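So you can see what is in the structure, the chains are spelled out below.
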Amino acid sequence: MGTLWQDMKYGARMLAKNPGLTAVVVVTLALAIGANTAIFSLVRAVLLRPLPFSHPERLVMVAERRPTSNDANIPVSAHEFAAWTEQNHSFEQTAIYGFDEQNLTGSGEPETMHTAIVSADYFSVLDVRPAAGRTFFPGEDQAGRNHIAVLSHGLWQRRFGSETGILGKSILLNNESYTVVGIMPSIPQTFQPDLWTPIDLPLQKQRVSQHSLNVIARLKAGVTLQQAHADLDVIARRLAQQLPNMNTDHNVKVIPLREALVGDVRRALLTLLAAVGFVLLIGCANVANLLLTRAAARQKEIAIRKALGAGRVQLIRHFLTESMLLALMGGGAGLLLAMWITDLLPKIKALSIPLLDTTAVDGTVLSLTLGLSLFTGLASGIAPALRGSKPIVAKWLNEGTRLSAEPSRRRLRSVLVAAEVALALILSVGAGLMIKSFIKLVAVDPGFDPHNVLVVNVSLPDPNYPQPFQRRRFFDQLLERIKAVPGVQSAGGTTNLPLNRSDNWMPFTVEGRPAPAPGQEPHAPFRVISPDYFRALRIPQRLGRTFSESDARISVPVIRWYASQRNPENLDKPQPAPVAIISESMARQYWPGEDPIGRRIRVLFSPWMTIVGVVGDVRHGSLDSPSYPHIYVPYTQEPWGFMTLVVRTSDDPRKFAGAVREQVRALDVSLPVGITAMDDLFSDSVGLQRFYLSMLVAFGTVALLLAAVGILGVVSYAVTQRIREIGVRMALGAQRADIVRLIITQNMAPTLFGVGIGACGAFALTRLIKGLLYEVNPADPFTFVAMCVLLAAVALVACYVPARRAAKVDPMVALRYE
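My aim in this report is to walk through the structure given alongside it, one point at a time. (Residues numbered from 1 in each chain as written. Predicted model: local features only at pLDDT ≥ 70, side-chain atom pairs only at ≥ 80, totals over all residues. Heavy atoms only, no water.)

### A word on helix H16 (residues 468-483)
In an α-helix, one turn spans 3.6 residues; hence positions three or four apart end up facing the same way.
Here is step 1: Taking 1.5 Å per residue as the helical rise, H16 with its 16 residues ought to reach 22 Å, and the 23 Å between its terminal C-alpha atoms agrees with that figure.
Here is step 2: For H16, the complete set of buried residues consists of Pro468, Gln470, Arg471, Phe474, Phe475, Leu478, Leu479 and Ile482. The buried residues of H16 all sit within an arc of 165 degrees when viewed along its axis, so they share a single face. Exposed residues on H16 whose side chains face more than 90 degrees from its buried face are Phe469 and Glu480. (Helix = DSSP H or I, 4+ residues; strand = E, 2+ residues; numbered from the N terminus. Expected span 1.5 Å × (residues − 1). Buried < 20%, exposed > 50% of the residue type's maximum accessible area, 1.4 Å probe, protein only. Arc of directions from axis to C-beta.)

Quick look at the structure:
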């Protein structure tokens with residue numbers, strides 16, 4: 001122990017004598033270790049750490065997949081859930097849930113609550129217990145008993161000041177009284193809405209055609225996913241026989257809960273983890289090169305120590321002690337950097353990564369940081385230790401002799417430089433592909449103009465606005481008031497805003513076409529809009545007309561009508577003739593080369609709707625999703641209880657937020673109003689891609705800088721070792737340009753070798769990020785050539801700086817140089 005302490009004190013003194021080198025090494029390792037620690041913390045939180053429930057590996061989601069829909073995992077209906085619950089042999093418990101937005105009023109400002117509407121077994125399936133009070137009892141998920149609520153920990157703290165006295169008291173949700181029965185502990189935001197209320201399960205079971213709910217279940221011990229899938233397939237076939245018009249094409253999927261949550265981000269996070277691992281390897285190679293250079297400069301000192309009796313093991317220990325001290329200092333600084341990054345990530349609003357808020361630097365992460373520090377200390381110090389611990393004593397003790405670098409040392413440094421360059425090129429190519437992909441993504445025409453548009457979310461509580469004409473009158477008045485605000489150019493509304501990744505897919509049939517087999521009907525998203533919606537978003541009109549006041553002919557919302565109409569005979573009864581507008585892609589797909597105006601379609605069991613217009617395609621899901629057929633109907637026919645208003649203004653829309661809020665409050669002071677700018681929503685829609693891009697660009701930039709520092713250090717040392725040779729050459733007539741050319745030519749060789757190896761590696765590895773790219777070939781030749789040229793240029797500059805300095809050496813001084 002005493003020997004180790006002596007080595008540490010000696011190493012610390014040696015590092016203090018070279019503050020410049022020490023600072024460069026510590027910063028290099030801090031960046032590499034800090035980035036690795038932060039990304040590992042994120043990957044661990046999202047992909048590796050067990051979910052905060054008992055036996056989380058047995059928790060699954062049950063969803064549907066229909067070949068006629070673009071959605072991967074489709075919500076289910078309560079009657080399917082009831083059949084699965086009663087007939088399955090694979091689950092211990094099942095629960096069904098959906099989401100809603102409710103207005104919390106009473107004390108304080110009105111506020112929109114993100115509410116989970118759940119069956120009574122929901123908390124039992126997850127096996128979570130409340131921090132105070134209770135959850136829901138069996139039987140409380142039905143009308144007359146379901147006006148109770150469980151608060152989330154965040155809402156309890158934020159709105160109710162952490163007062164347990166709220167238990168047993170009433171709160172107003174959509175102007176209806178709910179009794180608070182429980183308060184949940186702090187759990188990840190992914191599983192934590194503002195509050196939970198019981199579903200009306202008997203009512204939902206009657207809505208056979210309404211597929212809007214989610215199912216979570218807990219597998220029995222020993223039951224596999226394949227067994228559960230086969231079990232539910234049998235039940236699905238049975239349902240298809242009982243209700244052929246409803247369930248023919250419904251394929252059941254059983255998905256592990258974690259996979260259902262993180263399936264879309266797994267590849268991207270693993271890519272980032274691999275990329276940051278490359279940064280660590282480049283950092284190790286860089287530090288090893290710097291330490292090799294320093295060890296070569298200390299050969300006379302080491303020779304003297306060896307002549308005085310120091311053994312090779314002792315010398316190796318000295319070198320490794322210094323590299324370990326450097327690595328531990330870099331690891332400490334890197335840990336601080338990682339803690340800052342992990343605190344920052346959950347605050348980035350646009351990052352829709354599940355379980356992101358659970359990212360933290362815990363004991364496992366600290367162990368990783370320590371392990372990375374020890375690894376980098378050993379990896380970067382072993383080569384300098386082995387090389388530096390065997391000096392040629394007799395020659396170094398001869399004061400008149402000056403050695404050039406040994407060929408073996410030059411080869412090792414060249415190999416390290418080539419490795420740095422190869423890894424840096426792989427990262428740079430990946431970053432270049434992401435940049436090109438992102439540029440193409442944000443250049444995509446979304447089908448509307450998001451600039452100078454204010455987005456206003458308004459939800460009307462059913463008790464206050466139970467009748468369709470009341471809801472229509474409210475939105476009519478509100479839109480007229482908003483249009484009258486100075487600076488407002490137009491205002492419209494919709495039930496589904498573009499780029500929100502949410503669609504209400506409905507089966508439809510085309511008049512005059514052969515009826516598809518039950519369950520094989522095409523599906524299209526169904527949107528309810530106000531007449532000025534297209535004008536407000538500047539969605540182009542291709543054919544026909546937009547909606548008008550004369551289209552208001554139905555007083556009963558079609559969505560409710562769908563749920564109530566079960567007898568096909570009703571389809572032949574006289575019904576008011578509604579109208580619809582379709583998207584350009586729908587017209588092109590179903591009426592190619594024809595005029596669709598005046599044709600009729602029917603959505604589910606609705607009456608026939610006459611097509612009166614065709615509008616341009618809109619990217620409703622996301623910028624990287626294709627445009628698909630859409631059906632629009634006027635809200636005057638379908639007055640829903642919630643609407644997202646889009647307000648086009650003459651200036652920055654944020655300046656109009658206060659005036660618009662006043663118009664809502666003038667009609668109903670109890671309504672909460674959510675307001676944002678469409679530009680912000682547009683930016684947030686590519687927030688995840690921007691995050692991946694930023695990380696890869698950051699890692700690629702760090703890799704380039706480290707490679708440049710490594711090359712600069714190696715060439716600078718090589719020039720120092722060849723000062724006498726350079727003096728001789730210049731004394732014999734060599735020009736400065738000849739010296740610069742000689743040094744660049746000799747030292748660019750390992751760089752170009754590294755570029756070649758890196759290009760091959762990038763060609764193989766960039767295919768792994770194909771799923772992250774938008775309309776960009778992973779082998780894009782322009783990106784490969786550009787990154788190779790960029791890296792070669794960086795290396796050229798790193799070689800040129802010491803070469804130019806060497807060319808300025810006075811030959812007389814160089815010949816006397818020791």
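That was the structure; now back to the text.
### Concerning the layout of surface pockets
The method is simple in principle: a probe with the dimensions of a water molecule rolls over the atoms, and the space it marks as empty is what remains.
Here is step 1: Taken as a whole, the second largest pocket holds about 400 Å³ of empty space.
Here is step 2: Going through the elements one at a time, helix H2 (19-48), helix H12 (312-344) and helix H22 (687-721) are the ones with two or more residues in the lining of the second largest pocket.
Here is step 3: At eight residues, H22 tops the list of elements feeding residues into the lining of the second largest pocket. (1 Å grid on protein atoms, 1.4 Å probe; cavity = no way out; pocket = protein on both sides within 12 Å on 5 of 7 lines; lining within 4 Å. Points joined across faces, edges and corners; volume = space filled by probe spheres on them.)

### Let's talk about unusual backbone geometry
Here is step 1: With phi around 60 degrees, Asp127 is a residue other than glycine that occupies positive phi space.
Here is step 2: Mapping Asp127 onto the fold places it in the loop between helix H4 (122-126) and strand E4 (132-133).
Here is step 3: Positive phi is not limited to glycine here, since Arg538 has a value of about 55 degrees.
Here is step 4: In this fold, Arg538 is placed in the loop between helix H17 (533-537) and strand E15 (541-544).
Here is step 5: In this structure Arg538 comes out as partly exposed when scored by relative accessible area, which is 46%.

### A short note on the packing of helix H24 (residues 736-765) against helix H25 (residues 781-807)
Relative orientation and spacing of two packed helices are given, respectively, by the angle between their axes and the distance between those axes.
Here is step 1: Packing of H24 against H25 leaves a shortest axis separation of 8 Å and a crossing angle of 155 degrees. One way to sum up the angle between H24 and H25 is to call them roughly antiparallel. Considering how the two elements wind past one another, H24 and H25 form a crossing that is right-handed. Across the interface between the two elements, Arg736, Ile739, Val740, Ile743, Ile744, Asn747, Met748, Thr751, Val755, Ala759, Ala762 and Phe763 of H24 pack against Phe784, Cys788, Leu791, Ala792, Ala795, Leu796, Cys799, Tyr800, Ala803, Arg804, Ala806 and Ala807 of H25.
Here is step 2: Per-class residue counts for the contact of H24 with H25 are 20 nonpolar, two polar and two charged. (Axes fitted to C-alpha atoms, helices over the stretch in contact; angles between N-to-C directions. Parallel < 35°, antiparallel > 145°, perpendicular 65-115°, else oblique. Left-handed = near helix turned anticlockwise from the far one by under 90°. Contact = heavy atoms within 4.5 Å. Nonpolar A, V, L, I, M, F, W, Y, C, P; charged D, E, K, R; others polar.)

### Digging into helix H20 (residues 657-667)
Here is step 1: Residues Ala657, Val660, Gln663 and Val664 constitute the buried set of H20. Considered in projection along H20, the buried side chains sweep an arc of 125 degrees and stay on one side of the axis.
Here is step 2: Contact partners of the buried residues in H20: strand E11 (453-459), H16 and strand E21 (674-677).

### A few points about the side chain of Arg58
Here is step 1: Here Arg58 lies in the loop between H2 and strand E1 (59-65).
Here is step 2: On the basis of relative accessibility, which here comes to 15%, the residue Arg58 falls in the buried class.
Here is step 3: Within the structure, the side chain of Arg58 is placed 2.5 Å from the side chain of Glu92, a separation counted as a polar contact.
Here is step 4: Sequence-distant contacts of Arg58, defined by excluding residues within four places in its chain, comprise Glu92, Ala217, Arg218, Leu219, Lys220 and Ala221. (Polar contact = N/O pair within 3.5 Å; in protein donor to acceptor, adjacent residues only side chain to side chain.)

### Describing the side chain of Arg527
Here is step 1: Turning to its location among the elements, Arg527 is positioned in strand E14 (residues 523-529).
Here is step 2: Polar contacts involving the side chain of Arg527 include one to the side chain of His620, which spans 3.4 Å.
Here is step 3: Residues within four places of Arg527 in sequence aside, it is in contact with Thr494, Thr495, Asn496, Leu497, Asn500, Ser502, Asp503, His620, His630, Ile631, Tyr632 and Val633.

### Some points on the nonpolar core
Here is step 1: Counting 108 residues, the largest nonpolar core has Tyr632 and Phe699 as its most contacted members.
Here is step 2: At 14 residues, the largest contribution of residues to this core is made by H22.
Here is step 3: With sequence-adjacent residues up to four places away left out, Tyr632 is seen in contact with Arg527, Ile529, Tyr533, Phe534, Phe547, Ala580, Ile581, Val615, Val618 and His620. (Core = buried A, V, L, I, M, F, W, Y, C linked by side-chain atoms within 4.5 Å.)

### A closer look at the packing of helix H23 (residues 723-731) against H24
Here is step 1: Orientation of H23 relative to H24, taken along the N-to-C sense of each, is 140 degrees, at an axis distance of 10 Å. In this view, H23 runs oblique relative to H24, as classed from their interaxial angle. Judged by the sense of rotation from one axis to the other, the crossing of H23 with H24 is right-handed. Side by side, H23 and H24 meet where Ile726, Arg729 and Met730 of the first sit next to Arg736, Ile739, Leu742 and Ile743 of the second.
Here is step 2: For the contact of H23 with H24, the residue count by class is five nonpolar, no polar and two charged.

### A short note on the packing of aromatic side chains
Given two aromatic rings, one states the distance between the centres and the angle between the planes to describe the pair.
Here is step 1: Counted under the stated rule, the structure contains 15 aromatic pairs.
Here is step 2: Here the aromatic rings of Tyr97 and Phe99 are separated by 5.6 Å at their centres, their planes lie at 85 degrees, and the arrangement is edge-to-face.
Here is step 3: Given the relative accessible area of 11%, Tyr97 is considered buried.
Here is step 4: Among the aromatic residues, those joined into a ring-pair cluster are Tyr97, Phe99, Tyr122, Phe123, Phe136 and Trp196.
Here is step 5: A cation sits over an aromatic face here: Arg134 above Phe137, 4.1 Å from the ring centre.
Here is step 6: In this structure, Arg767 packs its charged tip against the face of Phe763, placed 4.1 Å from the ring centre. (Phe/Tyr/Trp six-rings, centres within 6.5 Å; stacked < 30°, edge-to-face > 60°. Lys NZ or Arg CZ within 6 Å of the ring centre and 35° of its normal.)

### Details of a nonpolar patch on the surface
Here is step 1: A cluster of nonpolar side chains, contributed by Leu712, Val797, Tyr800 and Val801, occupies part of the molecular surface with about 330 Å² of accessible area.
Here is step 2: In terms of residues, the nonpolar patch owes the most to one element, H25, which gives three residues. (Patch = residues over 30% accessible without salt bridge, like charges linked within 9 Å, V, L, I, M, F, W, Y side chains within 5 Å. Areas by Shrake-Rupley, 256 points an atom, 1.4 Å probe, with all protein chains shown as cover. Salt bridge = Lys/Arg side-chain N within 4 Å of Asp/Glu carboxyl O.)

### Quick notes on the pattern of salt bridges
Two side chains that carry opposite charge are able to pair once their charged atoms sit near each other.
Here is step 1: For the coordinates displayed, the defined rule picks out 23 salt bridges.
Here is step 2: Asp780 serves as the salt-bridge partner of Lys436, at 3.1 Å between the closest nitrogen and oxygen. Here the residue Lys436 occupies a position in helix H15 (residues 407-442), and Asp780 occupies one in the loop between H24 and H25, the gap between them amounting to 344 residues.
Here is step 3: Exposure remark for Lys436: the relative accessible area of 25% places this residue in the partly exposed category.
Here is step 4: Judged by its relative accessible area of 10%, Asp780 is buried.
Here is step 5: In this structure, the salt-bridge partner of Lys655 is Asp651, at a minimum N-O distance of 3.0 Å.
Here is step 6: Bridged by salt links that share partners, the residues Glu111, Arg158, Arg159 and Asp194 form one connected network.

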